[in-house]
Amino acid sequence: VENELAGVKSVKRAVFLDRDGVINKEVGNLRRKEDFELLPGAAEAIKKINRLGYYAVVVSNQPVIAKGFCTTEELSEIHKKMETLLGAERAKLDAIYFCPHHPDKGFSGENKKYKIICSCRKPKTGMIQNAKKDLNIDLKKSAVIGDSTRDAKLAENLKIKFLGVKTGVALKDGGFKLEKKPKIYKNLFTAVNALQI
């Protein structure tokens, strides 16, 4: 919404969504659009985020690029499919941010230019900081929904609300030590229904 007087966008809340295991079925290193499948209730959940007046913003680590499993063009096709499937159910994503980097070397066919330590790979906050700047988001009134301790740690690093989901890895990855045990919901739809920011 444009503020006609100042020409400044009004500040909005956002729900930051992990992709794999939250919006679509977890297949491990998803690299082909044919393998992309929405989880039950995901479109309904995003539609509710839209209705509540939040931005729906995907923030997703996509090391498949750095590992050489797929190109940025192929990832773009996967995201187009996601937006098409959601759109068919009248659900809309406001933005998609992804981190193509992966610090560990040693994958055959890896893309060396993405083999870096970056500021955007979750649980680092770069993607959300970019979204905050691009969309004028009030982080204090926003939340992260994800299926891994990486997503929970991201929310802790930003000091914002986190809601876990039992789909995907269901926070059983053990990747990051958390300050407090997150609440975990059945899926994205039940997590969105529990949103109170």
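Small disclaimer: the values here were computed from a predicted structure and weren't measured.

Asks: What exactly am I supposed to notice about the overall build of the chain here?
Replies: Helix and strand counts for the chain come out as five helices and eight strands. Going residue by residue from the N terminus, the α and β elements of the chain occur as β-β-β-α-β-α-β-α-β-α-β-β-α. A principal-axis box enclosing the C-alpha atoms of the chain has dimensions of 55 × 35 × 35 Å. Put simply, the chain has 197 residues, and 48% of those count as buried.

Asks: Help me out: how do you make sense of the layout of surface pockets in this one?
Replies: The rolling of a water-molecule-sized probe over the atoms marks out the regions of remaining empty space. Roughly 520 Å³ of volume is contained in the largest pocket. What lines the largest pocket is a set of 24 residues, among which Asp20, Glu26, Asn61, Pro63 and Arg150 lie closest to the centre. Counting only elements with at least two residues in the lining of the largest pocket, the list comes to β4 (55–61) and α4 (149–158). A breakdown of the residues in the lining of the largest pocket according to their chemical character gives five nonpolar, eight polar and eleven charged. In this model, the second largest pocket occupies a volume close to 310 Å³. Around the second largest pocket sit 16 residues that line it, and Ile160, Lys161, Phe162, Lys180 and Pro182 are the ones nearest its centre.

Asks: For this particular structure, what's the right way to read the side chain of Asn61?
Replies: Inspection of the secondary structure assignment puts Asn61 in strand β4. A distance of 2.9 Å separates a polar atom in the side chain of Asn61 from the backbone nitrogen of Lys122. Ignoring sequence-local partners within four residues, the contact set of Asn61 consists of Cys99, Cys120, Arg121, Lys122, Met127 and Arg150.

Asks: Help me understand the pairing of strand β6 (residues 143–146), please; the structure alone is not making it clear to me.
Replies: In summary, the side chains of a regular strand alternate between the two faces of the sheet. Alternating residues of β6 divide into Ala143 and Ile145 and Val144 and Gly146, and every residue in both groups is buried. The sheet contact formed by strand β3 (residues 14–17) and β6 spans three bridges and is parallel. Considered in β6, the bridge of Phe16 is made with Val144. One ladder, built from four bridges, connects β6 with strand β7 (residues 161–165); its direction is parallel.

Asks: Quick question: what am I supposed to make of the environment of Gln196 here?
Replies: Its place among the elements puts Gln196 in the segment after α5 (188–193). Relative accessible area serves as the criterion here: at 66%, Gln196 is assigned to the exposed category. Residues Gln196 and His79 lie 117 residues apart in sequence; the distance between their C-alpha atoms is 28 Å.

Asks: Explain the sheet that holds β6 here, please?
Replies: Sheet strands pair by backbone hydrogen bonding; their relative direction is either parallel or antiparallel. Strand order in the open sheet made by the six strands is β5-β4-β3-β6-β7-β8, with parallel pairing throughout. At either margin of the open sheet sits one strand with a lone partner, and together these are β5 (95–99) and β8 (184–185). In the packing of helix α2 (residues 72–88) onto the sheet, the strands contacted are β4 and β5, and the crossing angle to β5 comes to about 150 degrees.

Asks: What is the right way to look at the confidence of the model for the chain in this model?
Replies: Note that predicted coordinates carrying low pLDDT should not be read in detail. On average, residues of the chain score 93 in pLDDT, and 95% of them are at 70 or above. Segment residues 1–8 is flagged for pLDDT under 50; beyond a separation of four residues in sequence, or across chains, it makes eight contacts in the model.

Parameters at a glance
Residues numbered from 1 in each chain as written. Predicted model: local features only at pLDDT ≥ 70, side-chain atom pairs only at ≥ 80, totals over all residues. Heavy atoms only, no water. Helix = DSSP H or I, 4+ residues; strand = E, 2+ residues; numbered from the N terminus. Buried < 20%, exposed > 50% of the residue type's maximum accessible area, 1.4 Å probe, protein only. 1 Å grid on protein atoms, 1.4 Å probe; cavity = no way out; pocket = protein on both sides within 12 Å on 5 of 7 lines; lining within 4 Å. Points joined across faces, edges and corners; volume = space filled by probe spheres on them. Nonpolar A, V, L, I, M, F, W, Y, C, P; charged D, E, K, R; others polar. Polar contact = N/O pair within 3.5 Å; in protein donor to acceptor, adjacent residues only side chain to side chain. Contact = heavy atoms within 4.5 Å. Pairing = 2+ DSSP bridges. Axes fitted to C-alpha atoms, helices over the stretch in contact; angles between N-to-C directions. pLDDT = per-residue confidence, 0-100.

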